[in-house]
Structure formats: structure tokens, C-alpha cells
Amino acid sequence: MPTRHTTGAATHVAARSTKKTTRVALLGMALALPASLAITGVGQVVPAGAAPLAAAARIQGAGLDDPHEKDIAMQLVSSAENSSLDWRKQFTYIEPYDDGRGYTGGIIGFTSRTGDMLELVERYTKAKPGNPLATYLPALRKVNGTDSHAGLGKPFEAAWHKAAEDKAFQDAQEAERDRVYFNPSVGLAKKDGLRTLGQFVYYDAIVMHGPGDDGDSFGGIRKAALAKAKSPAQGGDEKTYLNAFLDARKKVMKKEEAHSDTSRVDTEQRVFLNDGNFDLRPPLKWKVYGDSYRIDK
């Protein structure tokens, strides 16, 4: 099981999954782009007009669409979520927390309360009927929206570990990660004219806070940032905007005890930002919860 960090007097028990319990999907937001935006390069979005030329230059390249860059983003998230850079080992991760979110499992912290664990198992069962988790669909539907572990328990955990050996379940986890979290956040980052670092900043935020538009979810954090600073797509300075986004995120994190350690912002993302590493190019060195990590290539 992933190591849990104790920060100060509080145990960081919810590092894996801190999604909001109300999941208001942002999936359409990344696709519904205003007519004033143009598509350039590798599916990248910039507004039409004078300022967009600078934005187009900023997001030159594939960003997190590049498989290697995406893998780096997954390692960075895993350092905070799992105390490990080996994110692929987390397919088998499953744990019942008393944090109000029921069970948490998999590479992105799918939870039984917020619905994404149910959607994951439904997707897996559609691809492979009769899988080890299929018999737990009724229980997952019953506990959805609650923190209950009823009908799950140790047999469910054993079934999850067994399923994690199946490539079909691994593929389902990656597909749901992309559908619910990665694609919407990266799409919006591109809309805002952000390069690779900014795309990662958005992705890490949606993983922790969940897709939604209330004040404590990813959409609310982005809205608060845009109220303080112009995005690069609006002609603003990229560093100024990202600092505003991280400031807004920290305010939300500090509202909940499980988020009180903000090192994934302070000693990870701001380190890259202060270094001006907008393309998130290795070597990368950072700390999360006091532990040091590095990616050399």
C-alpha cells in the first residue's frame, strides 16, 4: 500500500483521493470553444486576433498530448498521491478510508462515494463481462454518494487486486482517467494558452479537487484565478496567471484538514514555475510532504 505521510500533528490520510463529492462534469467545457478561438498546430487552441499570436507561441509543441510528457505528469501526480514515481503500480491500489469518500483505488484515486469508481467498474464490465469486480456493481451503486463500505470489504479488495492483473482493467482505468480528468483539464489549459507546466497544474488540481464548478472544485478554482489575472489567451502573463491559480487552489486546500499540507503546490509546482520551466523539461527536482524526488529525462 502507498505510504501515508504525517505532516505536523495531522496525518495526511487523504493524499490519494480528495475529489469533491459532487461531480459536475466539465467534459463539455474543453470542447465548447467560442467562435473567437482558432485551432492551430497539434490540436491547440488560440484566440483569433493580435494577442493570440503570443499565446500560439507559448503553447507551441504537443504539451501533455506527448506520451512522454504525459508520463512525466503521471509521475509528478503519483509522487503526491502515492509517495512513488511508479504510477503503473497503482492499478492494484485499493483502500477504505474514513475520510468521507468510502473506498479509494487505482491510478487516479477513483472513489466509491463520488461515482467515478462505479463508472470505472461499469466500463470494465462492459468490456469484459464476468470479471472479478462485476458482482460488486450492485453494492457500488448502493453506496454511491455515501461514505459507506457496505457490501464491499475485504472480498471487494481481493477482487480489485485480482482485476488489476487484467490489462482490460488497466485500460479501463486509463480510459476513465482521460475521459473525466486528463482530457478536460488539458483541453481547458490549452484554451487558456498554457504550456506544459500549466497543463500539468490544471491536471493535478482536477485530480485532487474533482471536476465541477462549485467554489471548491477545479472549475471554481479556475474561475477564481481568472478573476484575479488574465490568462495568456487573454493577453496576460503566464507566470502571473499560474501564480493566481495556485493561490486560489491553496485557499481551497486549506479548508480541509486532509489538504492542510500544500507542499505539492509550494515545493513542487511553484519550484518549476519560479524556475521558468514552462515546458516542464527534465531534469526536474521537487519535494512533496518532505520527500525528495527527481526525473532526469
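Residues numbered from 1 in each chain as written. Predicted model: local features only at pLDDT ≥ 70, side-chain atom pairs only at ≥ 80, totals over all residues. Heavy atoms only, no water.

(A) Local environment of the pattern of salt bridges. Summed over the entire model, instances satisfying the criterion amount to 24 salt bridges. Linking aspartate 171 and lysine 167 is a salt bridge whose minimum nitrogen-to-oxygen distance equals 3.0 Å. Highlighted residues: aspartate 171 and lysine 167, both in helix H6 (residues 167-191), separated by 4 residues, approximately one helical turn. Where aspartate 266 meets lysine 250, a salt bridge forms, and the shortest distance between an N and an O atom there is 3.0 Å. On the criterion of sequence distance, the pair formed by aspartate 266 in helix H10 (residues 263-274) and lysine 250 in helix H9 (residues 238-253) is long-range, its members being 16 residues apart. Members of the salt-bridge network, linked through shared partners, are Lys70, Glu174, Arg177 and Asp178. (Salt bridge = Lys/Arg side-chain N within 4 Å of Asp/Glu carboxyl O. Helix = DSSP H or I, 4+ residues; strand = E, 2+ residues; numbered from the N terminus.)

(B) Summary view of the pairing of strand S8 (residues 284-288). Residues Leu284, Trp286 and Val288 point to one face of S8 and are all buried, whereas Lys285 and Lys287, pointing to the other face, are not buried. Linking S8 back to strand S9 (residues 291-295) in an antiparallel pair, the connection comprises 2 residues, with tyrosine 289 at a positive phi of about 55°. (Buried < 20%, exposed > 50% of the residue type's maximum accessible area, 1.4 Å probe, protein only. Pairing = 2+ DSSP bridges.)

(C) A look at the layout of surface pockets. Considered as a void within the structure, the second largest pocket measures approximately 160 Å³ in volume. Every element with two or more residues in the lining of the second largest pocket is listed here: helix H8 (218-228) and H9. Ranked by residues supplied to the lining of the second largest pocket, first place goes to H9 with 5 residues. Residue composition of the lining of the second largest pocket, grouped by class: 5 nonpolar, 2 polar and 3 charged. (1 Å grid on protein atoms, 1.4 Å probe; cavity = no way out; pocket = protein on both sides within 12 Å on 5 of 7 lines; lining within 4 Å. Points joined across faces, edges and corners; volume = space filled by probe spheres on them. Nonpolar A, V, L, I, M, F, W, Y, C, P; charged D, E, K, R; others polar.)

(D) Region of the structure containing the nonpolar core. Leu133, Phe156, Tyr203 and Phe245 are the most contacted members of the largest nonpolar core, which has 72 residues in total. When residues in this core are grouped by element, the largest group, 9 residues, is from helix H7 (residues 196-209). In contact with phenylalanine 245, other than residues within four places in its own chain, are Val201, Tyr202, Ala205, Phe218, Ile221, Arg222 and Ala225. (Core = buried A, V, L, I, M, F, W, Y, C linked by side-chain atoms within 4.5 Å. Contact = heavy atoms within 4.5 Å.)

(E) Broad picture of the sheet that holds strand S7 (residues 110-111). Taken in spatial order, the 3 strands line up as S5-S6-S7 in an open sheet, and their pairing is antiparallel. The open sheet has two edge strands, strand S5 (94-96) and S7, and neither has a second partner. Relative to strand S6 (residues 103-105), S5 runs antiparallel, the two sharing 3 bridges. Across the sheet, glutamate 95 pairs through a bridge with threonine 104, a residue of S6.

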